[in-house]
Amino acid sequence: VMEFIVDHGDNVLENVSLKDAPGGLLADLLVAMARGKKKYAGVESGDDINFLRISDLRKKLHEKGLDIDGSRETLIATLKGNA
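On a predicted model such as this, the values are computed, not experimentally measured, just so you know.

**Student:** I'm lost on the packing of helix H4 (residues 54-63) against helix H5 (residues 72-81) in this one. Help?
**Tutor:** The packing of two helices is summarised by the inter-axis angle and the distance between the axes. The interhelical angle for the contact between H4 and H5, taken along N-to-C directions, is 35 degrees, at an axis separation of 10 Å. Crossing angle aside, the handedness with which H4 passes H5 is left-handed. When H4 is examined against H5, the residues Ile54, Leu57, Arg58, Lys60 and Leu61 are found in contact with a partner set consisting of Arg72, Leu75, Ile76, Thr78 and Leu79. Within the contact of H4 with H5, the residues separate by chemical class into six nonpolar, one polar and three charged.

**Student:** What am I meant to see in the side chain of arginine 72 here?
**Tutor:** Relative to the helices and strands, arginine 72 resides in helix H5. Within the structure, arginine 72 has its side chain in polar contact with the backbone oxygen of leucine 52 (distance 2.8 Å). Those residues within four positions of arginine 72 in sequence are excluded, and the remaining contacts are Asp28, Val31, Asn50, Leu52, Arg53, Ile54 and Leu57.

**Student:** Can you help me understand a nonpolar patch on the surface in this one?
**Tutor:** A grouping of Val6, Leu26, Leu30 and Met33 is seen on the molecular surface, where their side chains present a nonpolar patch of about 350 Å² in accessible area. Considering every element that reaches the nonpolar patch, the biggest residue donor is helix H3 (residues 24-40), with three residues. For leucine 30, the position within the fold is in helix H3. For leucine 30, a relative accessible area of 48% translates into the label partly exposed.

**Student:** Explain the nonpolar core to me, please; I cannot follow it from the model alone.
**Tutor:** With seven residues, the main nonpolar core is built from Ile49, Leu52, Leu57, Leu61, Leu75, Ile76 and Leu79. Elements with a minimum of two residues in this core: H4 and H5. The dominant element in this core, judged by the number of residues it contributes, is H5, at three residues. In terms of nonpolar packing, the next biggest core, distinct from the first, is built from six residues, Met2, Val12, Leu25 and Ala32 among them.

Cut-offs applied
- Residues numbered from 1 in each chain as written.
- Predicted model: local features only at pLDDT ≥ 70, side-chain atom pairs only at ≥ 80, totals over all residues.
- Heavy atoms only, no water.
- Axes fitted to C-alpha atoms, helices over the stretch in contact; angles between N-to-C directions.
- Helix = DSSP H or I, 4+ residues; strand = E, 2+ residues; numbered from the N terminus.
- Left-handed = near helix turned anticlockwise from the far one by under 90°.
- Contact = heavy atoms within 4.5 Å.
- Nonpolar A, V, L, I, M, F, W, Y, C, P; charged D, E, K, R; others polar.
- Polar contact = N/O pair within 3.5 Å; in protein donor to acceptor, adjacent residues only side chain to side chain.
- Patch = residues over 30% accessible without salt bridge, like charges linked within 9 Å, V, L, I, M, F, W, Y side chains within 5 Å.
- Areas by Shrake-Rupley, 256 points an atom, 1.4 Å probe, with all protein chains shown as cover.
- Salt bridge = Lys/Arg side-chain N within 4 Å of Asp/Glu carboxyl O.
- Buried < 20%, exposed > 50% of the residue type's maximum accessible area, 1.4 Å probe, protein only.
- Core = buried A, V, L, I, M, F, W, Y, C linked by side-chain atoms within 4.5 Å.

Below, the structure is given as structure tokens:
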């Protein structure tokens, strides 16, 4: 969803009000934008957990037998704490 919003930002801004959006939405959008910039620059984000999708973060946590619930920041902190 975040990639769609980044790719179609003009249409989203014209048709959707983000006034009441959850606080974490901005962080997720910024990560998606940064991930897209790296992709277009030919740089792979690889295993840099700061640029992984939420689903990928949860997959890594699940593989380690860790809790997969929480915000992006919580998931990243959990992974870093159990590296």
